[in-house]
Amino acid sequence: MPVIEDEPIEDGPIEGGRIEGDSIEDGSKPVDAVTFDRRSARGSILSIGAVMVDVVCHVPRLPERGEGVVVSRRETVAGGCAFNSANVIRQLGQPGFLFAPIGSGIFSDFVRGELAARNLEALEIETELDCGSCTCLVEADGERTMVTSPGIERCFELSWFEGIDAGRFGKALASGYEIEGAGGEAIVSFLEAHPEIEFYYAPGPRIEGVGPEKTARINALRPVWHLNDLEAMAYTGRSSVEEAARAIEAQSGNAVVITEGSRGAHLYAGGEHLFVPTEPVDPVDTVGAGDAHLGALVAARNAGLCWDDSLGLANKVAGAVCMVPGGTMSDEAFSRLGLGL
């Protein structure tokens, strides 16, 4: 595993916010007070999860049961929540490591080439298991429906984490897809062993599959939840975004970020509500948009930005990702956005 050198960040005022105290003890502070844990401005970001192959298929509509449809356009790209998020973190200039396993096989070989093109490294594992793949069916309005074939990314082992210098990481992110699998036990156990690492949890569409036992252990870590409106309401059984967010906040004891497509993103924390609208875009597809939003949000918080500015940046990055095929932008395209930290 490569050694990641972090530049020290001095305590003091941060543009767009201020430092108050050593840590946030609970989610009860008003969001406009812009307080944050000192961990937010120190250390690297650990992106735990998957790097895999996305086969993005544009279809006129989803097939009915027993029916077939013809794909009008197809792209094969690297994907996975951790990869998509880690790439944005890198593009925004924040330090981090992609803790995603790569095995052996055609998908793993493809992924290695994609990582090398982006100057990213991941976790090489000696195994016969290959990286997984995801077939993304994209309809005319850009909405995606996914069929995933799991690989090594669902088989995490606790021993893989032994090479990590946990003291280098102030933040970590992971998704429900990996935690749902058998390897999720190792991921949760590592985070439990290092509660000083602020955890951003993106359960995603597999939110129900994670199960109550793992979810309770995750909530005991007091993570920041990050999910979309449909996921939040389906999981909680609530009929509105606010009701869903409050139900999740009551369980996790920390801020809840809920994205709402082309409208923008919500933050619910300690009785306060912040909504940051986004500029509408004409999407090519929505593959990886949530991952990009998560990566940009964590990067911004790591750099010391307030919630308002962090969500605004995340909205811009996610919107831009919707305008390119697949879940990542090239460095050239990203630089044209003029975004940085």
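Our subject in this report is the structure included herewith. (Residues numbered from 1 in each chain as written. Predicted model: local features only at pLDDT ≥ 70, side-chain atom pairs only at ≥ 80, totals over all residues. Heavy atoms only, no water.)

## Concerning the environment of Leu 294
As for its position among the elements, Leu 294 is in helix H8 (residues 289-302). Relative accessible area serves as the criterion here: at 0%, Leu 294 is assigned to the buried category. In this structure the C-alpha to C-alpha distance between Leu 294 and Leu 311, which are 17 residues apart in sequence, comes to 9.4 Å. When residues no more than four places from it in sequence are discounted, the contact partners of Leu 294 are Cys 81, Ser 85, Leu 173, Tyr 200, Ala 202 and His 226. (Helix = DSSP H or I, 4+ residues; strand = E, 2+ residues; numbered from the N terminus. Buried < 20%, exposed > 50% of the residue type's maximum accessible area, 1.4 Å probe, protein only. Contact = heavy atoms within 4.5 Å.)

## Quick notes on the packing of aromatic side chains
The relation between two aromatic rings is expressed through the spacing of the ring centres and the mutual angle of the planes. One pass over the full model with this rule turns up nine aromatic pairs. On the basis of an interplanar angle of 20° and a centroid distance of 4.5 Å, the ring pair of Phe 161 and Phe 190 is categorised as stacked. In this pair, Phe 161 is assigned in the loop between strand E8 (144-149) and strand E9 (169-175) and Phe 190 in helix H4 (residues 184-193), connecting sequence segments 29 residues apart. Comparing Phe 161 with Phe 190 shows no difference in burial state: the two are buried. Here the aromatic rings of Tyr 201 and Trp 225 are separated by 5.1 Å at their centres, their planes lie at 85°, and the arrangement is edge-to-face. Residue Tyr 201 is located in strand E10 (residues 198-202), and its partner Trp 225 is located in strand E11 (residues 224-228); the two are separated by 24 residues in the primary sequence. Comparing Tyr 201 with Trp 225 shows no difference in burial state: the two are buried. (Phe/Tyr/Trp six-rings, centres within 6.5 Å; stacked < 30°, edge-to-face > 60°.)

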